[in-house]
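# Secondary and tertiary structure notes
So the chains spell out like this:
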Amino acid sequence: MDFTFSEEQLAAAEAARGVFAGVAPDSVPSPALTTGAVAETFDRELWSRLAGADLLSLLLGEQYGGAGLDAIALCLVLRESAKVLARVPLLEHSAATAVVQAHGGKELGERVLARAGRGELVLTVAAHGRTGHDPAELAVTARRDGRAWVLDGVQTAVSWAYDADLVLVPAHIEGTGADRTVLALVSREQDGLVLAEQISTSGERLAELRLQSVRVEAGDVVEAGGAWEWLLALLATGTCAQALGLGERVLRMTSEYTGKREQFGYPIATFQSVAVQAADRYIDLRAMEATLWQAAWRIASGAPGALPAAGDVAVAKIWAAEGVRRVVQTAQHLHGGFGADTDYSLHRYHAWAKHLELALGPAAAYEETLGDLLAAHPLS
């Protein structure tokens with residue numbers, strides 16, 4: 001693979017840095033200072049700025065007002081968003097619109113995508129299953145009723161569900177003997193859909209979705225084979241990009257602090273034990289970066305490999321989950337008591353890192369996936 005970014009991808013990252021430059025991590029609501037959810041909704045002002053910079057339509061084609069870029073460009077933007085703890089559904093929204101464009105019907109695309117690219121419609125994805133530990137596609141069943149589909153089941157920990165206009169729900173086809181998953185776009189106001197509030201470690205408001213005979217018209221359902229697997233891979237890779245951006249910002253904060261904090265008349269950064277720990281975390285970040293771009297490149301290019309693209313995604317998520325945890329733990333250790341000060345933003349990054357570590361499954365789940373893929377596709 002080629003790690004060189006195109007001019008268009010670099011331009012997207014530069015535009016993102018310009019938009020996120022106005023976000024102060026210290027102003028992000030803190031879960032340590034708030035009982036319940038840190039806020040009722042996401043950062044709508046930032047969302048409007050992202051729409052104005054054409055970053056919500058990054059993956060959409062020109063016919064929908066988009067730039068027609070790929071997963072690599074999206075990951076570059078997500079990396080920047082995590083450095084400032086941007087409270088927007090950028091990953092979920094972008095991934096949902098991308099799968100509708102790639103695998104949905106023309107009528108659905110015309111009805112949803114242009115408006116979504118302008119930020120007028122907000123989309124999210126139910127991707128954590130019934131408990132967060134079981135496959136999301138098995139948590140909800142879908143059965144045909146005439147030309148429509150009827151959905152029943154539960155999805156947990158759905159990000160931004162209270163704010164989204166449409167939730168993309170994976171559902172397993174019931175009663176046909178076909179092992180197939182469809183993706184249904186469900187309105188938040190749909191009859192039979194009930195939301196129950198949940199709170200993430202970052203303090204953000206999540207929702208448990210309870211679907212009781214929710215009727216979805218055929219035109220709002222993506223039936224193409226492989227659509228759910230592609231969407232899940234994009235979501236996981238985007239989560240890795242967020243973990244990388246967050247980790248890079250935390251290591252920079254740690255470097256700045258240890259370079260100024262003195263003991264025995266010397267900056268503690270000059271102490272061997274401190275330098276070694278920081279160097280180990282730098283190595284973690286470089287491994288996170290290399291595996292991230294490998295996974296994003298496989299998704300964007302469709303290039304074949306020794307393993308299916310899911311193998312590269314699994315490796316990236318293992319490194320992202322374990323790496324971001326180690327980075328924030330080392331940062332807290334090297335900051336000492338100052339790292340726990342709620343007037344300082346490090347504790348916010350720590351809370352967000354824990355959420356990203358476990359999002360879409362912990363490292364152990366992806367180690368199991370990787371093992372299954374290696375068993376099915378032995379390397380020569």
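Here the structure is shown first, and the text comes after it.
Anyway, here's the lowdown on the structure attached to this text. What you see is a predicted model; the values in this text were computed from it and never measured.

### Thoughts on the overall build of the protein chain
- Each helix and strand counted, the protein chain has ten helices and ten strands in total.
- At 21 Å, the protein chain has a C-alpha radius of gyration in line with the 21 Å of a compact globule built from 380 residues.
- Along the three orthogonal principal directions, the C-alpha set of the protein chain runs to about 80 × 55 × 40 Å.
- Considering the protein chain as a whole, with its 380 residues, one finds that 53% of them fall into the buried category.
- Across the protein chain, every contact between residues at least 6 apart in sequence was considered, and the portion connecting residues at least 24 apart equals 74%.
- For the protein chain, the computed accessible surface area is about 16,200 Å², with 51% contributed by carbon and sulfur atoms.

### Observations concerning the layout of surface pockets
- Looking at the largest pocket, its volume works out to about 700 Å³.
- Lining the largest pocket are 23 residues, with P135, L232, L360, Y366 and T369 positioned closest to its centre.
- If one sorts the elements of the lining of the largest pocket by residue count, helix α6 (residues 227-260) sits on top with five residues.
- Looking at the lining of the largest pocket, its residues break down into 14 nonpolar, six polar and three charged.
- Breaking the lining of the second largest pocket down by element, the ones donating at least two residues are β3 (148-159) and α9 (346-358).
- Residues of the lining of the second largest pocket, tallied by class, amount to six nonpolar, nine polar and no charged.

### Structural notes on α9
- For α9, which comprises 13 residues, the first-to-last C-alpha distance of 19 Å matches the rise-based estimate of 18 Å (1.5 Å per residue) to within 8%.
- L360 sits one or two residues past α9 and shows a positive phi near 65°.

### Points about the pairing of strand β5 (residues 181-187)
- Burial analysis of β5 places six of its seven residues in the buried class, the great majority of the element.
- Looking at chain direction, strand β4 (residues 166-173) and β5 are connected through seven bridges and run antiparallel. Of the residues in β5, the one forming a bridge with A171 is V182.
- Where β5 lies against strand β8 (residues 221-222), two bridges are found, and the strand directions are antiparallel. Of the residues in β8, the one forming a bridge with L183 is V222.

### A look at the packing of aromatic side chains
- Following the criterion strictly, the structure yields five aromatic pairs and no others.
- Aromatic side chains F42 and W160 sit 6.0 Å apart centroid to centroid with 90° between the ring planes, which places their arrangement in the edge-to-face category. Placement of the pair is F42 in the loop between α1 (7-20) and α2 (44-52) and W160 in the loop between β3 and β4, with a sequence separation of 118 residues.
- Among the aromatic residues, those joined into a ring-pair cluster are F42, W47 and W160.
- The cationic tip of R205 hangs over the ring face of Y162; the distance from NZ or CZ to the ring centre is 3.7 Å.

### Digging into empty space enclosed by the protein
- All told, the structure shown has three cavities of 30 Å³ or more when counted by the stated rule.
- Approximately 430 Å³ is the volume found for the largest cavity.
- Contributing to the lining of the largest cavity are 27 residues, with E92, S159, W160, Q242 and H355 lying nearest its centre.
- Where the lining of the largest cavity is concerned, the elements lending two or more residues are α3 (71-83), α4 (90-103), β3, β7 (205-217), α6 and α9.
- Partitioning the lining of the largest cavity into residue classes produces 16 nonpolar, eight polar and three charged.

Rules used in this analysis
- Residues numbered from 1 in each chain as written.
- Predicted model: local features only at pLDDT ≥ 70, side-chain atom pairs only at ≥ 80, totals over all residues.
- Heavy atoms only, no water.
- Helix = DSSP H or I, 4+ residues; strand = E, 2+ residues; numbered from the N terminus.
- Rg over C-alpha atoms; globule rule 2.2 N^0.38 Å.
- Buried < 20%, exposed > 50% of the residue type's maximum accessible area, 1.4 Å probe, protein only.
- Contact = heavy atoms within 4.5 Å.
- Areas by Shrake-Rupley, 256 points an atom, 1.4 Å probe, with all protein chains shown as cover.
- 1 Å grid on protein atoms, 1.4 Å probe; cavity = no way out; pocket = protein on both sides within 12 Å on 5 of 7 lines; lining within 4 Å.
- Points joined across faces, edges and corners; volume = space filled by probe spheres on them.
- Nonpolar A, V, L, I, M, F, W, Y, C, P; charged D, E, K, R; others polar.
- Expected span 1.5 Å × (residues − 1).
- Pairing = 2+ DSSP bridges.
- Phe/Tyr/Trp six-rings, centres within 6.5 Å; stacked < 30°, edge-to-face > 60°.
- Lys NZ or Arg CZ within 6 Å of the ring centre and 35° of its normal.

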